[in-house]
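Geometric and topological summary
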Amino acid sequence: MAAVLPEGTAMPVLRALLALAVGDSREVTARLAGFRPADRVSAFVAAVCSLRALGPDADSATVLPPLRAAFDLAAHPDVAAFVSENPLFDPPATAASLGESLANLLVERGEFQEALAVYERLMGQYPDTHRYARAHAELVGRAGETAEALAKLDALREQEEAAGRHAEAEKTLETMVRIAPSHLPLRERLVDIHLKRGRLAEALRELFTLAQLLERHGRVAEAIAHLRRAAEIATLMGDWEKVEPIYGYMIRLAPEDIGLRHAAAATFVQHGRIAEATAQLQEVFRIARTQEDYDEAIAALHQIIALDPTDLTPYHRLGEILAAVGEYGQAERVYGRLAQLAPDDPAIKAKQAALAALAKRQL
């Protein structure tokens, strides 16, 4: 270690390095207490030794002075050259790692202005590392300057897209969404990117969030459109734990929407969820009967019967509604089917006979 440090490095720094290497934090603190190395490299090494000796559980007020000192020193060319050529620490203590740690600590302490200054320095030192620009903009947004932050990030995103750095552009877009979580077009753009890259779970999550935001704004039809898309994705993934709640959400938004319930029933049938499909079709029948849409009600009962031909209840309902609209012949055939399923029920046979008589009168 003496060979790589500047000539004349004081013994306390060397002893502190040795103590740090063997894990003796108290010795590090004792050797460096009140000591101020004359040259920058030694001062940098001493600051990092003091910082590492504190450990991960030290309070922020104690960590901040050596962390600030190490970051400030790391910006000097002679220190940067020394760090790149002589990796004394594990993990390495670089301007980037120290700056990120300092910025995070300052944010935790609510010292946003200094954190912004740290990110600005990092942006200047590492112009190709865009995460610093994102972090800086996110802090600007947290300070209430949302429009300014979004404008900066949108310019960065366009630059990344133009350079073919699509993964970076996506991270930038995600940062924009965090800054403006209710910005619907940003979230819609993020959905498209997730789908383009095959990240269905992420797209599903964004679509659900979009629907919630739209519901809050009273834009129910748009919310349902996003939820329909989400249901298609969840079905494609075979994730039934999500499919059913998504349809439940849609139906809560539009409980009397017959088309929506048919879509739910069709999806459930497609994947063998007969009980769930039947429940939706029963609701279709209820709504249609309330609205006096007898054709729709009859069609729903036929679908229910097709799903479970042994259930007597939909036959009874179908016979009754056919008779009510004057379709006595069809009603008589329904009761004929019921008589086959329940041959010992005299009431069914009586209704069948009465309907047969009415059908004859119509001829």
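Reading the values: the criteria
- Residues numbered from 1 in each chain as written.
- Predicted model: local features only at pLDDT ≥ 70, side-chain atom pairs only at ≥ 80, totals over all residues.
- Heavy atoms only, no water.
- Helix = DSSP H or I, 4+ residues; strand = E, 2+ residues; numbered from the N terminus.
- Rg over C-alpha atoms; globule rule 2.2 N^0.38 Å.
- Buried < 20%, exposed > 50% of the residue type's maximum accessible area, 1.4 Å probe, protein only.
- Lys, Arg positive; Asp, Glu negative; His and termini not counted.
- Charge placed at Lys NZ, Arg CZ, Asp CG, Glu CD.
- Polar contact = N/O pair within 3.5 Å; in protein donor to acceptor, adjacent residues only side chain to side chain.
- Core = buried A, V, L, I, M, F, W, Y, C linked by side-chain atoms within 4.5 Å.
- 1 Å grid on protein atoms, 1.4 Å probe; cavity = no way out; pocket = protein on both sides within 12 Å on 5 of 7 lines; lining within 4 Å.
- Points joined across faces, edges and corners; volume = space filled by probe spheres on them.
- Nonpolar A, V, L, I, M, F, W, Y, C, P; charged D, E, K, R; others polar.

Turning our attention to the overall build of the chain. If you tally the helices and strands in the chain, you get 20 helices and zero strands. Compactness check: the chain gives a C-alpha radius of gyration of 36 Å against a globular reference of 21 Å for 363 residues, more than 25% above the reference. Projecting the C-alpha coordinates of the chain onto the three principal axes gives extents of approximately 120 × 40 × 35 Å. With 363 residues in all, the chain has 40% of them scored as buried. Each charge sign in the chain was given a centre, from 40 positive and 51 negative side chains, and these centres are 2 Å apart.

Our focus in this paragraph is unusual backbone geometry. Of the consecutive residues D90 and P91, the connecting peptide bond is found in the cis state with omega at 0°. When you line up the elements, P91 lands in the loop between α5 (77-85) and α6 (95-108). We note that E292 has phi near 60°; this positive angle belongs to a residue other than glycine. Inspection of the secondary structure puts E292 in the loop between α16 (274-290) and α17 (294-307).

With respect to the helices and strands, the residue R261 is situated in helix α15 (residues 258-270). We classify R261 as buried; its relative accessible area is 6%. Once the C-alpha coordinates of R261 and V284 are considered, the two residues, 23 residues apart in sequence, prove to be 6.7 Å apart. Within the local environment of R261, its side chain forms a polar contact with the backbone oxygen of P255, the two atoms lying 3.1 Å apart.

Turning next to the nonpolar core. Of all hydrophobic cores here, the largest spans 58 residues; its most connected members are F44, V45, C49 and L98. Ranked by residues supplied to this core, first place goes to helix α3 (residues 40-54) with 10 residues. Counting residues in each nonpolar core, the second largest holds 54 residues, with A264, A297, A331 and I348 among its members.

This part is about the layout of surface pockets. Size it by volume and the largest pocket reaches roughly 370 Å³. Elements with a minimum of two residues in the lining of the largest pocket: α3, α4 (60-74) and α6. Broken down by element, the residue count for the lining of the largest pocket peaks at four residues, all from α6. Looking at side-chain class alone, the lining of the largest pocket contains 11 nonpolar, four polar and two charged residues. Roughly 260 Å³ of volume is contained in the second largest pocket. L32, F35, R36, A46 and S50 are the residues nearest the centre of the second largest pocket, which is lined by 14 residues in total. Every element with two or more residues in the lining of the second largest pocket is listed here: α2 (25-32), α3 and α4. At five residues, α3 tops the list of elements feeding residues into the lining of the second largest pocket.

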